[in-house]
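Below, each chain spelled out in residue letters.
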Amino acid sequence: MRNAREFNFDGLVGPSHNYAGLSFGNVASFNNVRSASNPRQAALQGLAKMRALAARGFAQGLLPPQARPNFRLLRRLGFSGTDADVLAQAYRESPVILACAYSASPMWTANAATVSPSADTRDGRVHFTAANLNNKLHRAEEHAQATRTLRALFANPDRFVVHDPLPSTPAFGDEGAANHTRFASAHGAAGVEFFVYGRVEFDPSAPAPAKYPARQTLEASQAVARLHGLDAARTVFASQNPDVIDQGVFHNDVIAVGNGNVLFYHEQAFANEAGTLEALRRALGVTGTDLRAVRVDTGVVPVADAVASYLFNSQLLSKPDGGMALVVPHECRETATVARYLEQLVASGGPIDELVEFDLRQSMRNGGGPACLRLRVVLTDEEATAMHQGVLMTEDLYARLVPWVERHYRDRVEPKDLADPQLAIECAAALEDLERILGLPGLYDLA
Ligand SMILES: NCCC[C@H](NC(=O)CCC(=O)O)C(=O)O
């Protein structure tokens, strides 16, 4: 077994962070529509989490924001003239399309890609597939920059492969790592990759939600597993429970999280709980490991409280000196059932023995918790050395990014501000500076 660590790449929140209510099926996004956002605070909250986890010895990096507004999208949809004309016309004729072009949604990097570490893949390289996110207009073009960014960071072809996204059609709806979990006895050991889907395109009799969209299909998950060269005996596909999708669980990472040999999940997470656990046990058995399932019952935490608090949208981190920490948002303390449950959880003598709490309210109000904000990439020491180093979180990088945020970010953005051509100019200036800070010239294709 190779020595490997799990790197968490958090999305650096972009300067256009706003609340546009774009995600039907995501309760927080809908509830906060058109309220004023604070992009500066959002970015600082995210950076504080990255810094704190890095300071504790967890391997931490970041993924840069994307260029906004997306002028290419606006022009393709027929808005024309100078940049200022395009913004004015879009605001007049379709403010919602303008909001889509301005969304800072790439901050939720769990949706950037699915990642398979080299210990799991046939060719021994780390495989990435950028998610097409085709369910929502404001996210459907993220894959272009996500692919470009991943190829810039993980450029060495002997160690890394960044696949093109799957076809952007409903049959291959792909939301990346938000519906993907990896289990292994240790990060560097061969593991089990677990894909959870919300519907099956070519089997109309398969379970599917009635009210809200299922964003991930089985066909997409299978294609990613094929592309990454995963071993069928160590790959599990499971159906999400369609009833919880209809209660606001738009990704599996709102109701389950896994790490090491631990699955922390809600009793209602899967369409077939017993069958899913059995499949995971069998696959982990191939690696000589036992599954430890930590189940939360509906009677203890109702689904609505799990959705409101984002209990399961937590990061489950193996601590350098043993044990696991659960990284939760403040909202968990404010939800009585969840607060009570968590106290008992860490005192229970089980695998999760510590809580780490962060204020991520700016992101939470759009339905993004600690787990949404990070992409996990397990890297061996050699792979870690081969990647671009400028995005790894250090005290020095933190000290450069805080003043960068303070220089470029507004502390208030309301829907009407998206019509202000000055905001677009500020966003462009921020990214121009960021390319320099991260040592990534040409990261953005702004032509
Ligand atoms: N993994 C968390 C993703 C949250 C994201 N929210 C949003 O896009 C809300 C954007 C808005 O409504 O302005 C989503 O639903 O995909």
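Up top you'll find the structure we're talking about.
Just so we're clear, the structure is a prediction, and the values are computed from it rather than from any experiment.

Peer 1: Give me the pattern of salt bridges: which residues, what numbers.
Peer 2: Summed over all chains, the structure comprises 30 salt bridges. Residue Glu354 pairs with Arg56 through a salt bridge whose shortest N-O separation is 2.7 Å. With Glu354 in strand β14 (residues 352-358) and Arg56 in the loop between α2 (39-55) and β2 (59-63), this residue pair connects regions lying 298 residues apart in the sequence. Residue classification places Glu354 among the partly exposed positions, given a relative accessible area of 22%.

Peer 1: For the sheet that holds strand β5 (residues 160-163), give the residues involved together with the corresponding values.
Peer 2: Strand order across the open sheet formed by 3 strands is β3-β4-β5, with mixed pairing between neighbours. Unpaired on one side and paired on the other, β3 (113-116) and β5 mark the two borders of the sheet. Across the sheet, the axes of successive neighbouring strands diverge by a mean angle of 15 degrees, strand direction being ignored. Against the sheet, helix α6 (residues 142-153) contacts β3, β4 (126-130) and β5, and its axis sits at roughly 170 degrees relative to β5.

Peer 1: Describe helix α12 (residues 336-347), listing the residues and the values that go with them.
Peer 2: End to end, α12 covers 17 Å across 12 residues, agreeing with the expected 16 Å (1.5 Å per residue, within 8%). Among the residues of α12, those classed as buried are Thr337, Val338, Ala339, Tyr341, Leu342 and Leu345. Tucked inside the fold, the buried residues of α12 contact β10 (262-266), β11 (292-296), α10 (303-309), β13 (324-329), α11 (331-334) and β14. Backbone geometry just after α12 places Gly349 at a positive phi near 80 degrees.

Peer 1: Residues and numbers for empty space enclosed by the protein, please.
Peer 2: Inspection of the entire model under this criterion finds 9 cavities of 30 Å³ or more. There is about 220 Å³ of room inside the largest cavity. Contributions of two or more residues to the lining of the largest cavity are made by β6 (180-183), β9 (256-259) and β15 (374-380). With 5 residues, β15 is the largest single contributor of residues to the lining of the largest cavity. Looking at the lining of the largest cavity residue by residue, the class counts come to 9 nonpolar, 6 polar and 4 charged.

Peer 1: Could you give an account of the site of the ligand, naming the residues involved and the relevant values?
Peer 2: Inspection of the region around the ligand gives 18 residues, with Leu22, Ser23, Ser29, His138 and Cys372 positioned closest. In this structure, Ala20 approaches the ligand through a main-chain N or O atom, which is 2.9 Å from an oxygen atom. Between the ligand and Ser23, the relevant distance is 2.7 Å, taken from an oxygen atom to a side-chain nitrogen or oxygen of the residue. Relative to its unbound accessible surface of 430 Å², the ligand loses 100% to contact with the protein. Most atoms of the ligand, that is more than half of them, are within 2 Å of grid points of the second largest cavity. Along the lines of polarity and charge, the residues of the shell around the ligand split into 6 nonpolar, 10 polar and 2 charged.

Peer 1: Break down the packing of aromatic side chains for me, with residues and values.
Peer 2: On inspection of all chains with the given rule, the structure shows 13 aromatic pairs. Geometrically, the ring pair formed by Phe194 and Phe270 is edge-to-face, given 5.7 Å between the ring centres and 65 degrees between the ring planes. Here Phe270 lies in the loop between β10 and α9 (273-286) and Phe194 lies in strand β7 (residues 192-197), a separation of 76 residues in the sequence. Pairing Phe195 with Phe237 gives two aromatic rings, centres 5.4 Å apart and planes at 25 degrees, and the pair type is stacked. In this pair, Phe195 is assigned in strand β7 and Phe237 in strand β8 (residues 235-239), connecting sequence segments 42 residues apart. The exposure class of Phe195 is buried, given its relative accessible area of 3%. With a relative accessible area of 30%, Phe237 lands in the partly exposed category. One aromatic cluster in this structure is built from Phe7, Phe9, Phe128, Phe154 and Phe160. Seen from the ring of Phe7, Arg5 lies directly overhead, with NZ or CZ sitting 5.9 Å from the centre. Positioned above the aromatic ring of Tyr19 is the side chain of Arg365, whose terminal nitrogen or guanidinium carbon lies 5.0 Å from the ring centre.

About the cut-offs
Residues numbered from 1 in each chain as written. Predicted model: local features only at pLDDT ≥ 70, side-chain atom pairs only at ≥ 80, totals over all residues. Heavy atoms only, no water. Salt bridge = Lys/Arg side-chain N within 4 Å of Asp/Glu carboxyl O. Helix = DSSP H or I, 4+ residues; strand = E, 2+ residues; numbered from the N terminus. Buried < 20%, exposed > 50% of the residue type's maximum accessible area, 1.4 Å probe, protein only. Pairing = 2+ DSSP bridges. Axes fitted to C-alpha atoms, helices over the stretch in contact; angles between N-to-C directions. Contact = heavy atoms within 4.5 Å. Expected span 1.5 Å × (residues − 1). 1 Å grid on protein atoms, 1.4 Å probe; cavity = no way out; pocket = protein on both sides within 12 Å on 5 of 7 lines; lining within 4 Å. Points joined across faces, edges and corners; volume = space filled by probe spheres on them. Nonpolar A, V, L, I, M, F, W, Y, C, P; charged D, E, K, R; others polar. Near = heavy atom within 4 Å. Polar contact = N/O pair within 3.5 Å; in protein donor to acceptor, adjacent residues only side chain to side chain. Areas by Shrake-Rupley, 256 points an atom, 1.4 Å probe, with all protein chains shown as cover. Sits in = over half its atoms within 2 Å of the grid points. Phe/Tyr/Trp six-rings, centres within 6.5 Å; stacked < 30°, edge-to-face > 60°. Lys NZ or Arg CZ within 6 Å of the ring centre and 35° of its normal.

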